[in-house]
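Tertiary structure, described
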Amino acid sequence: MGKSSVSDLSEHVFDLIQELFSIDPLLLTSVMPQLEFKLKSNDGEERLAVVRLLAKLFGAKDSELATQNRPLWQCFLGRFNDIHVPVRLESVKFASHCLMNHPDLARDLTEFLKVRSHDPEEAIRHDVIVTIINAGKKDLNLVNDQLLGFVRERTLDKRWRVRKEAMMGLAQLFKKYCLHHEAGKEQAQKISWIKDKLLHIYYQNSIDDKLLVEKIFAQYMVPHSLDTEEKMKCLYYLYACLDTNAVKALNEMWKCQNMLRGLVRELLDLHKLPASEANTTAMFGKLMTISKNLPDAGKAQDFMKRFNQVLGEDEKLRVQLDTLISPTCSCKQAELCVREITRKLTFPKQPTNPFLEMVKFLLERIAPVHIDSEAISALVKLLNKSIEGTADDDEEGVTPDTAIRSGLELLKVLSFTHPTAFHSAETYESLLQCLKMEDDKVAEAAIQIFRNTGQKIETELQQIRSTLIPVLHQKAKRGTPHQAKQAVHCIHAIFCNKEVQLAQIFEPLSRSLNADVPEQLITPLVSLGHISLLAPDQFASPMKAIVANFIVKDLLMNDRSVGNKNGKLWTSDEEVSPEVLAKVQAIKLLVRWLLGMKNNQSKSANSTLRLLSAMLVSEGDLTEQKKISKSDMSRLRLAAGGAIMKLAQEPVYHDIITPEQFQLCGLVINDECYQVRQIFAQKLHLALVKLLLPLEYLAVFSLCAKDPVKERRAHARQCLLKNISIRREFINNNPLAHDKMMSLLPEYVVPYMIHLLAHDPDFTKPQDFEQLRDLKECLWFMLEVLMVQNENNSHAFLRKMVENIKQTKDAQCPDDPKANEKLYIVCDVALFVIVNKSTACHLESPKDPVLPSKFYTPPDKDLINDKEYLSSEARTVLLTGKPKPSPVLSTVNKTLTVPGRRVYNKTTGSDSNTSTHSQPSSPVTKTRDVVTESSEGGARENEENPVITKTDDGKKEDTVTSDLTTGASTIPKPRRGRPPKATPSPLANEKEGGAGKGRKRAAPAQDSAPSGEPNSIKIPKAEDVTQILDLQR
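Predicted, not measured: the structure shown is a model, and the values here were computed from it.

Our focus in this paragraph is the overall build of the protein chain. The number of helices and strands found in the protein chain is 45 helices and three strands. The buried share among the 1033 residues of the protein chain stands at 53%. Sequence separation of at least 24 residues holds for 74% of the intrachain contacts in the protein chain that already meet a minimum separation of 6. Of the roughly 46,300 Å² of accessible surface on the protein chain, a fraction of 52% belongs to carbon and sulfur atoms.

So, in structure tokens, the structure goes:
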């Protein structure tokens, strides 16, 4: 060592050292310092050889070298950070043996493994996981929580190989210690988080991740190889122990599998039809959708086409596949079918068969390996034991109440995906027992299961029918609102004489309505609303009298109680006054009544829309008696905005919603209350993503650029991305969609957005720099997502569309020069953004855009509007964010700011539309993110209590009065363009629309963080295209 040698043993020196060490470590006392020197060699291969040697010496079972020679041990650990990849890789491999043979060294290794778990080399990150999992499988005590945390992190690694190893490793640990309890309950508790973490991965966008989660669930979490009773016991208690997001992921998994089964069933149905071009096109659409649910979509498409060809040629294969996806297929039968289909597609001469592997992926997803009639019976028996108190609930770590509630929720989810498996007297008897329990959630779930699965009860199970009917009547009249809804729908779904049944509920409820006792109104209003939705022909006339005389005149137009004046903008559901809860249900009843009728012959929809608009204009206080609390007003604003949005989903009502009413509805997304903004945005997203709402409602998300809370803006951007991608995908997959491009193509949202922003009540001074910057942010919020790619020269199409708008007038007020000027200014800002962000926008547009006639007049061919409405200084501000330098004296009277608030300059009626320049150092555009952070530092939106003052012209203004000792000024907070009262009742004047805006400036959130929602919305089926296109008029 350290000297040149010509000995034949010199190349075997490390082997010699190892042998001598095994004889007696003391023989190497003088050699060890030399090894430390060799570890620092400049030669990577030499360092690698020494690391291999020391790994064997340190990792040997009885070795005490690490404790006896700490300097050498520390030097060796330094090689975990070696610049040479093979050295780092060898160090990581050593860690596995070291953890198993020397648990006391785990603490030293943890920090180095943490760094290597983020190594840029995929192989090293992979081996870190293998090291930790192997040690954990030998003994869970060998790996601490930190080491398991590294594996947990890698389940989100950017490389599939690393993610797969981490997920499979955790699954193996779960099966060994949580399922089989090989190390006792204490150790199982230590890794109880694994089940939730693995299911959360189902939220990832990659189809590979989803497929692996499904495989892990079927093989490790609830092994399908177990007998039915064991399997269901495993599922029953697993479901009870999962967290909320994991439950949602598992439910989504079953829904996706069921959806895929439905697609395959539809494909087989097409094979039964005679060959035709339309049939071939429909088959191709099904195959494309199925391919997207399999790994490697490109190859999947080719293999699915080949599989479809084989299906067309082999009738026996079709029979086997038909059996596999049949609702009555048992788990055992499914295994036989999968085996038979696989055998038919196996070619012995091929060592690898990627086609067969892809078909196996499909079969694994559609085969019912867990749930059949026998499995449902086993679950129901477990539920009965929990109800009777004879189950092992406490032993499994859940309370009996939790087991019962989660058990019913599990059965409810399965009733959507496997309804035929529930059809037995024994199952329904148990569900009837659940209906009589005190737990409201349990009874509600039981009713919904009857609704989903009870289509044959009336013909085949008369005894169940006779017991069920009085229970459903009682729930519809005196149950909770959710129970009442489900009871009405259940009666409508499973009984032939539904008209008689619903009349027996409707008549006593309609006679007993009493606005003086709002606590007893909520359930009757829910039941009446759903009855009028489901049976409009039978109940439309009596409902009209109820609506006119009771709902509007007696309930909505009166405030009987005085609300809590604590100044909060939102309170929990329990704190909302019963009267306001009744009013919210009354608004929902109006909507359900109209959606049931689907016509406006009596002009009831016009009156309802005026009522809802008046509620938004008055900020929720329809009577304006100031009796209602701020938090209750927030609830009513949300209900009114949601009601207009719901009516817009029906084409007959969408056509009569005026631009002013659309704007009022859209402005709810900028409401002053955080929860109103949050809930409204989520409702808007869900309706848009299912293609239920017209395209113009997508423009509302552009207003989210003004939201002071960063998380809300981020959520809105995600909603835009999802909606736009779904629309593009829908157009690509459905040939019929090309005839309705104006209602589907995302780019056609721009005219609606421009019109909405031109009528934004914040946009009062057309040349004000701050307002122009706000406009630019709103426009870019939408355009940024639209312009990610220049598909089919879309950038030029956008430019042409905006230029065309400048050749028209505002159809809302065509003769108002100021309104048209504002419209043209928004167009110029939009053109400024498009031209500055795209070099391809100056190309020739592929086609001439069509503008919506509801919002724009036809273009005047004799008029060419080529005027520039933006000054050069305004363009400089929009480009750089700063105006030209101003004199120092101009900032002397600058308005002070209050943390967490947007700044507004106080304006009078005379100068509201005049052109003014903002102060050069105005903080408005700089503080958007600062505002967000300020909310964390104590600015609590929903506890503010503005003081109402009167201005000289009699209009009300909200001001925030600050403590004089803090040095902060009083900052005006103007009402959102509230018009003077013209009529005492919103229904009195037929011409009155909601011209005013009922919005207040949005402010930061109180305490609640925005909830994360999985992007799990399904794209509509091809058959639904026609129906969806009708809604997009």
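Okay, back to it.
In this section: unusual backbone geometry. Even without being a glycine, Glu-624 presents a positive backbone phi close to 60 degrees. Relative to the elements of secondary structure, Glu-624 occurs in the loop between helix 32 (604–617) and helix 33 (630–647). Glu-624 sits in the partly exposed class, given a relative accessible area of 25%. Positive phi, normally seen in glycine, also occurs at Leu-691, with a value near 60 degrees. Along the chain, the position of Leu-691 falls in the loop between helix 36 (674–689) and helix 37 (710–733). The class of Leu-691 is buried, set by a relative accessible area of 0%.

Take the nonpolar core next. In terms of nonpolar packing, the biggest core is built from 264 residues, with Phe-701 and Ile-754 touching the most fellow members. Setting aside residues up to four positions removed in sequence, Phe-701 forms contacts with Ile-669, Ala-681, Leu-684, His-685, Leu-688, Ala-716, Cys-719, Leu-720, Asn-723 and Phe-781. Counting residues in each nonpolar core, the second largest holds 33 residues, with Ile-341, Leu-345, Phe-355 and Leu-363 among its members.

We now examine the environment of Leu-612. With respect to the helices, strands and loops of the structure, Leu-612 is situated in helix 32. Residues Leu-612 and Gly-642, spaced 30 residues apart in sequence, show a C-alpha to C-alpha distance of 9.7 Å.

Before going further, it helps to examine the side chain of Lys-210. Checked against the element boundaries, Lys-210 lands in helix 13 (residues 207–221). Salt bridges are absent for the buried Lys-210, whose nearest opposite-charge side chain, Glu-252, sits at 6.9 Å. Separated by 3.3 Å, the side chain of Lys-210 and the backbone oxygen of Gln-204 make a polar contact. Apart from the residues within four sequence positions on either side, Lys-210 is in contact with Tyr-202, Gln-204 and Asn-205.

Residues Lys-255, Lys-485, Lys-588, Lys-646, Lys-683 and Lys-690 make up a contiguous surface patch of positive charge. By the secondary structure assignment, Lys-683 is in helix 36. Classification of Lys-683 as partly exposed rests on a relative accessible area of 43%.

Turning to the confidence of the model for the protein chain, a few remarks are in order. On average, residues of the protein chain carry a pLDDT of 81, and 81% of them reach 70 or more. Counted against residues more than four places away or in other chains, residues 886–999, with its pLDDT under 50, gives 223 contacts. Confidence over residues 1007–1033 falls short of pLDDT 50; this stretch has 61 contacts with residues more than four positions distant or in other chains.

Turning our eyes to something else, we now look at the pattern of salt bridges. Scanning the model with the defined rule gives 35 salt bridges in all. Among the salt bridges present, the one from Arg-154 reaches Asp-157, with a minimum N-O distance of 2.5 Å. Residue Arg-154 is classed as buried on the basis of its relative accessible area of 12%. You can call Asp-157 buried: its relative accessible area is 3%. Taking the shortest distance from any N to any O, the salt bridge between Lys-583 and Asp-559 comes out at 2.3 Å. In this pair, Lys-583 is assigned in helix 31 (residues 578–597) and Asp-559 in the loop between helix 30 (536–556) and helix 31, connecting sequence segments 24 residues apart. By the burial criterion, Lys-583 is buried, and Asp-559 matches it.

This next bit is on the packing of helix 15 (residues 244–271) against helix 17 (residues 297–313). At a closest axis distance of 10 Å, the pairing of helix 15 and helix 17 adopts a crossing angle of 45 degrees. Comparing their axes, helix 17 and helix 15 come out oblique. For the crossing formed where helix 15 meets helix 17, the hand is right-handed. Along its contact with helix 15, which presents Leu-267, Leu-268 and His-271, the element helix 17 presents Asn-308, Leu-311 and Gly-312. Its residues assigned to classes, the contact of helix 15 with helix 17 comprises three nonpolar, three polar and no charged.

Mapped onto the elements of the fold, Lys-475 is located in helix 26 (residues 462–478). For the buried Lys-475, no salt bridge exists, and the shortest N-O distance to an oppositely charged side chain is 5.9 Å, to Asp-440.

Okay, the packing of aromatic side chains next. For any pair of aromatic rings, the description consists of the separation of the ring centres together with the inter-plane angle of the planes. Per the counting criterion, the structure on display carries 14 aromatic pairs. A centroid spacing of 6.2 Å and a plane angle of 85 degrees characterise the contact between Phe-217 and Trp-254, whose relative ring orientation is edge-to-face. Taken as a pair, Phe-217 in helix 13 and Trp-254 in helix 15 lie far apart in primary sequence, 37 residues in all. Each member of the pair, Phe-217 as well as Trp-254, carries the same accessibility label: buried. Both rings, one in Tyr-748 and one in Phe-797, keep their centres 5.5 Å apart while their planes meet at 85 degrees; by these two values the pair is edge-to-face. Of the two residues, Tyr-748 sits in the loop between helix 38 (741–744) and helix 39 (749–758) while Phe-797 sits in helix 41 (residues 794–805), which places them 49 residues apart along the sequence. In this structure Tyr-748 comes out as buried when scored by relative accessible area, which is 5%. Site record: aromatic cluster; members linked through ring pairs are Phe-662, Tyr-697, Tyr-752 and Phe-855. When the ring centre of Tyr-202 is taken as origin, the NZ or CZ atom of Lys-210, which lies over that ring, is 4.9 Å away. Against the face of Trp-570 rests Arg-635, its NZ or CZ located 4.0 Å from the ring centre.

Thresholds applied
Residues numbered from 1 in each chain as written. Predicted model: local features only at pLDDT ≥ 70, side-chain atom pairs only at ≥ 80, totals over all residues. Heavy atoms only, no water. Helix = DSSP H or I, 4+ residues; strand = E, 2+ residues; numbered from the N terminus. Buried < 20%, exposed > 50% of the residue type's maximum accessible area, 1.4 Å probe, protein only. Contact = heavy atoms within 4.5 Å. Areas by Shrake-Rupley, 256 points an atom, 1.4 Å probe, with all protein chains shown as cover. Core = buried A, V, L, I, M, F, W, Y, C linked by side-chain atoms within 4.5 Å. Lys, Arg positive; Asp, Glu negative; His and termini not counted. Salt bridge = Lys/Arg side-chain N within 4 Å of Asp/Glu carboxyl O. Polar contact = N/O pair within 3.5 Å; in protein donor to acceptor, adjacent residues only side chain to side chain. Patch = residues over 30% accessible without salt bridge, like charges linked within 9 Å, V, L, I, M, F, W, Y side chains within 5 Å. Charge placed at Lys NZ, Arg CZ, Asp CG, Glu CD. pLDDT = per-residue confidence, 0-100. Axes fitted to C-alpha atoms, helices over the stretch in contact; angles between N-to-C directions. Parallel < 35°, antiparallel > 145°, perpendicular 65-115°, else oblique. Left-handed = near helix turned anticlockwise from the far one by under 90°. Nonpolar A, V, L, I, M, F, W, Y, C, P; charged D, E, K, R; others polar. Phe/Tyr/Trp six-rings, centres within 6.5 Å; stacked < 30°, edge-to-face > 60°. Lys NZ or Arg CZ within 6 Å of the ring centre and 35° of its normal.

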